[in-house]
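# Examination of the molecular architecture
Listed below, chain by chain, are the residues.
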Amino acid sequence: MKPKKLILSTALSAVALFSTQVDAQTPYGPGYPPQAAPAYGAPSGYSAMGGGYAMPYGPMGPAPGYPQTVPAGYQDPSMQAMPPAQYEEYQPGMEYGDSVLETSPYEETVNGAACNSCDLPPRVYGSADLLVMWRKGSNLPPLLTTSAPVDEGVIGAPTTQTLFGGNEQGHALTGMRLTGGLWLDNYQNWSIGGSFMALEREVLGINTTSTQFPVLAFPFYDTNANANSSIVVALPGTGNNAADNTSVNIRKTNNFYVGDTFITKHVFTSHANRVDFLVGYNFARIDDAMAMRTQYTAQQTMGGSVPQGTVVSLADNFLAKNEFNGAEFGLIFDFQDGPFTWRAMGKISVGGMHQRMAISGSRTEDVFGTVDTFNGGVYARDSNIGSYSRDVFCFIPEGSLDLIYALTCNVDLKVGCTYIYVSDVALAQSALPGTINPNGGDPVFNWGSDDYWALGATFGVDFHY
């Protein structure tokens, strides 16, 4: 639990520290014209020359035909010094109301007089991102083994090898994230919005047969004998456990979705850089499942109860569902440099995680056309089969960093990275028992505590109108 507490305290401290630093600074009013979000364009007549004001005449000098020699003492009226425009002084916390804009170069633009689409700060914004993400690997017990016939796949035997289990790490998978929002004023002080992110289903597993591996077994620790043992499903020969025509399919899947609705408030501006505070509601769902399917033909009377030639089918299912509901808050930083903008976002969601676990299993025996079905498979047995649920406290820190390029005044291209951490989830692997008592009573289901994370790159398009 200590690493989780450290992550939570670090995330909360970071948000609080940045919030304190932002509040400690005097919030500048954006210069004229007011600074909109990056790449939103400047008002008509605005020039980077002359300190941001339109030059009094063209940069090429007097018009053709203008006298080159003038009487002594003559001074061109257009060259006389012009008194600077008087603007109302901006005070910290002051809204950009009409009084602030009076006589400013931006007044005409904001009032909508002869401006083009780039003049006004946009009111609608959004983005569409392609994600390439890695997820935390699955730390599984050994689930399928092979060995020399004499060792029957028992863990610790000299020739036993694990075919599936242990630390199983998947490869990078794609996903998508959609974001949309609306500024509630012309000066981009307040906005409301929402986002949704979904990652491609992750699939891990193995599909093999007794043709590839003549010996196949499901290992476990026998709590009755206090020794490692196995359930053999493929073994050449004529002994008690002899079986062939075996197929084994193990499939582990994981789905991850997260969405939120939020309100942002502009809290600080300095030149083209700004900071916004974010608060809202966050929902997340993580589904994790393990399905095991096995079929074999008994070559000898197995254990004295399965006649030779019986086709045995085993099925195990472990399904975990996690639903998070909580409040989120964080900060968004924009640092602009010409057509490029660095955008950093850090937030944390705090709330409750509702966890559910469903365990089921079955065994079917086909004895020359007579089919019998029994409760329980390999690891899903009478003692742990059932449905379970609980509620736990959970926190979800999330961070992203993007480099944004202003393609046009309404469209940006971006590339970046995203990291999401979930402090407490129920995963299928936590329900897989490492111990079995063949006489009954074990395994017994107990909740495990796992965390979860996803990390990867983002490639996207921002728009604002």
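It should be noted that the structure appears before, not after, this text.
Residues numbered from 1 in each chain as written. Predicted model: local features only at pLDDT ≥ 70, side-chain atom pairs only at ≥ 80, totals over all residues. Heavy atoms only, no water.

Per the secondary structure count, the chain includes three helices and 16 strands. Within the chain, contacts between residues at least 6 apart in sequence are counted, and of these 74% link residues at least 24 apart. If you sum the accessible surface of the chain, you get close to 22700 Å²; carbon and sulfur atoms cover 59% of it. (Helix = DSSP H or I, 4+ residues; strand = E, 2+ residues; numbered from the N terminus. Contact = heavy atoms within 4.5 Å. Areas by Shrake-Rupley, 256 points an atom, 1.4 Å probe, with all protein chains shown as cover.)

If a probe as big as a water molecule is rolled over the atoms, it shows which places are left empty. Considering all chains together, one arrives at four cavities of 30 Å³ or more under this definition. By volume, the largest cavity is sized at about 720 Å³. Per-element tally for the lining of the largest cavity: the top contributor is strand β8 (residues 243–270), with five residues. Tallied by class, the residues present in the lining of the largest cavity amount to 13 nonpolar, ten polar and 13 charged. (1 Å grid on protein atoms, 1.4 Å probe; cavity = no way out; pocket = protein on both sides within 12 Å on 5 of 7 lines; lining within 4 Å. Points joined across faces, edges and corners; volume = space filled by probe spheres on them. Nonpolar A, V, L, I, M, F, W, Y, C, P; charged D, E, K, R; others polar.)

Within strand β2 (residues 138–146), seven of the nine residues are buried, which leaves it mostly tucked inside the rest of the structure. Note: β2 against strand β3 (residues 161–168), six bridges, orientation antiparallel. Across the sheet, L140 pairs through a bridge with G166, a residue of β3. (Buried < 20%, exposed > 50% of the residue type's maximum accessible area, 1.4 Å probe, protein only. Pairing = 2+ DSSP bridges.)

Turning next to the packing of aromatic side chains. The relation between two aromatic rings is expressed through the spacing of the ring centres and the mutual angle of the planes. Tallied over the full model, the rule gives ten aromatic pairs. Taken together, a centroid distance of 5.2 Å and an interplanar angle of 45° make the contact between F340 and Y405 tilted. Note that F340 is positioned in strand β11 (residues 340–367) and Y405 in strand β13 (residues 386–406), a separation of 65 residues in sequence. Owing to a relative accessible area of 34%, Y405 belongs among the partly exposed residues under this scheme. Look at Y388 and F445: their rings are 4.3 Å apart centre to centre, the planes differ by 25°, and that puts the pair in the stacked class. One end of the pair, Y388, is in strand β13; the other, F445, is in the loop between β15 (435–436) and β16 (450–464), and 57 residues separate them in sequence. With relative accessibility at 25%, the residue Y388 sits in the partly exposed group. In textbook terms, an aromatic cluster arises when at least three aromatic residues are bridged by ring pairs, as seen for Y388, F445 and W447. (Phe/Tyr/Trp six-rings, centres within 6.5 Å; stacked < 30°, edge-to-face > 60°.)

Together, V124, L182, L184, W190, I192, I263, V279, F463 and Y465 give the surface a local cluster of nonpolar side chains, amounting to about 770 Å² of exposed area. When you line up the elements, V124 lands in strand β1 (residues 124–135). (Patch = residues over 30% accessible without salt bridge, like charges linked within 9 Å, V, L, I, M, F, W, Y side chains within 5 Å. Salt bridge = Lys/Arg side-chain N within 4 Å of Asp/Glu carboxyl O.)

This part takes up the nonpolar core. Ranked by internal contacts, the top residues of the largest apolar core, which has 33 residues, are F218, I250, M290, F318 and Y379. Only β2, β6 (216–222), β7 (227–234), β8, β9 (273–298), β10 (311–337) and β11 provide two or more residues apiece to this core. Membership of the second largest hydrophobic core comes to 19 residues, among which are M133, F256, M353 and V392. (Core = buried A, V, L, I, M, F, W, Y, C linked by side-chain atoms within 4.5 Å.)

Another aspect to go through is unusual backbone geometry. Here the amide bond leading from D442 into P443 is cis, since omega sits at 20°, within 30 degrees of zero. Position of P443 relative to the elements: it lies in the loop between β15 and β16. Phi angles above zero are rare outside glycine, and E152 is one such case at about 50°. Despite not being glycine, N226 shows a phi value in the positive range, around 55°. With respect to the element layout, N226 can be found in the loop between β6 and β7.

This part covers the pattern of salt bridges. Within this structure, the stated rule accounts for 17 salt bridges. Between R285 and E323 there is a salt bridge, and its shortest N-O distance comes to 3.3 Å. Here R285 is found in strand β9, whereas its partner E323 is found in strand β10, with 38 residues between them in sequence. Here the salt bridges do not stand alone but share partners, grouping D129, R177, D334, R343, K414 and D462 into one network.

You can see T310 is positioned in the loop between β9 and β10. Residues T310 and V367, 57 residues apart in the sequence, show an inter-C-alpha distance of 4.8 Å. When neighbours within four sequence positions are excluded, T310 is seen to be in contact with Y296, T297, A298, E365, D366 and V367. Within the structure, T310 has its side chain in polar contact with the backbone oxygen of P307 (distance 2.7 Å). (Polar contact = N/O pair within 3.5 Å; in protein donor to acceptor, adjacent residues only side chain to side chain.)

Position of G126 relative to the elements: it lies in strand β1. With relative accessibility at 6%, the residue G126 sits in the buried group. Between the alpha carbons of G126 and D462 there is a distance of 5.8 Å; along the sequence they are 336 residues apart. When neighbours within four sequence positions are excluded, G126 is seen to be in contact with T179, G180, V461, D462 and F463.

Mapped onto the secondary structure, E398 falls in strand β13. Classification of E398 by relative accessible area gives buried; the value is 13%. Residues contacting E398, with those up to four places away along its chain left out, are R177, M345, G346, K347, T418, Y419 and I420.

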